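Overview (structure and organization)
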Amino acid sequence: MTYEAILVAVLAIVITIVVFLVRRLLSSGKRYVLLTGLNDTGKTLIYSQLVYNRHVATFTSSQDNEGQFNTQKNFVTLVDLPVFHSIRQQFFEKYKASSKGIVYVVDSVTLAQNVRDAANVLYNILIDPAVVKNRPQLLILCNKQNQTLAKGCTVIKSMLEKELNTLGYLATLKSYCG
């Protein structure tokens, strides 16, 4: 083997390692998990339990709450987004491109009264160009399951699907998802 061939081989290996590390660093840039949903669904309480491991009295906020949560593998930054549409959208814009997950919290007791609003907010999240492009994990969390009048997860899924279909959104979502 010639000296040039060895140099080319070493250079190819170094370039491969650099490309691998850069790709890994770029993918790890997604560090936020967003908690969002309608008012009084329990987002801030969930946030407090996960970040501070305690129950705190909550109120409707006009600011985002940001804190660290230790998973089994690493830390993620949980962001509790405000509920009012104008500010929620502003903070959603701030975090959406760097989010690795979105937790959409619904109130299992009151969803029937708020299903149209819940479906609208969920739809706007799902069709957001940054969400479509980055494909963060999405969890629809059915909160307050311990209450007597709570609807089960299957019923909630059916209610949201029915409302999305009624509003004409379901066909649009299917075209986004393929």
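As the structure is a computational prediction, the values presented were derived from the model and not from experiment.

Parameters and conventions
- Residues numbered from 1 in each chain as written.
- Predicted model: local features only at pLDDT ≥ 70, side-chain atom pairs only at ≥ 80, totals over all residues.
- Heavy atoms only, no water.
- Axes fitted to C-alpha atoms, helices over the stretch in contact; angles between N-to-C directions.
- Helix = DSSP H or I, 4+ residues; strand = E, 2+ residues; numbered from the N terminus.
- Left-handed = near helix turned anticlockwise from the far one by under 90°.
- Contact = heavy atoms within 4.5 Å.
- Nonpolar A, V, L, I, M, F, W, Y, C, P; charged D, E, K, R; others polar.
- Phe/Tyr/Trp six-rings, centres within 6.5 Å; stacked < 30°, edge-to-face > 60°.
- Buried < 20%, exposed > 50% of the residue type's maximum accessible area, 1.4 Å probe, protein only.
- Lys NZ or Arg CZ within 6 Å of the ring centre and 35° of its normal.

**Some remarks on the packing of helix α4 (residues 111-126) against helix α6 (residues 153-166)**
- Their axes nearest at 9 Å, the elements α4 and α6 cross at an angle of 65 degrees. Remark: the crossing between α4 and α6 carries right-handed chirality. Side by side, α4 and α6 meet where Leu111, Ala112, Val115, Arg116, Ala118, Ala119, Leu122 and Tyr123 of the first sit next to Ile156, Met159, Leu160, Glu163, Leu164 and Thr166 of the second.
- Here the contact of α4 with α6 is built from residues that sort into eleven nonpolar, one polar and two charged.

**Regarding the packing of aromatic side chains**
- Evaluation of the coordinates by the stated rule reveals two aromatic pairs.
- Ring centres 4.8 Å apart and planes at 75 degrees place the aromatic pair tyrosine 32 and tyrosine 95 in the edge-to-face group. Of this pair, tyrosine 32 sits in strand β1 (residues 32-37) while tyrosine 95 sits in helix α3 (residues 85-95), placing them 63 residues apart in sequence.
- A relative accessible area of 1% places tyrosine 95 in the buried class.
- Each ring, one from tyrosine 47 and one from tyrosine 52, has its centre 6.1 Å from the other, and the planes form 85 degrees; the classification is edge-to-face.
- Look at tyrosine 52 and you get partly exposed, because its relative accessible area is 45%.
- Against the face of tyrosine 52 rests arginine 54, its NZ or CZ located 5.5 Å from the ring centre.

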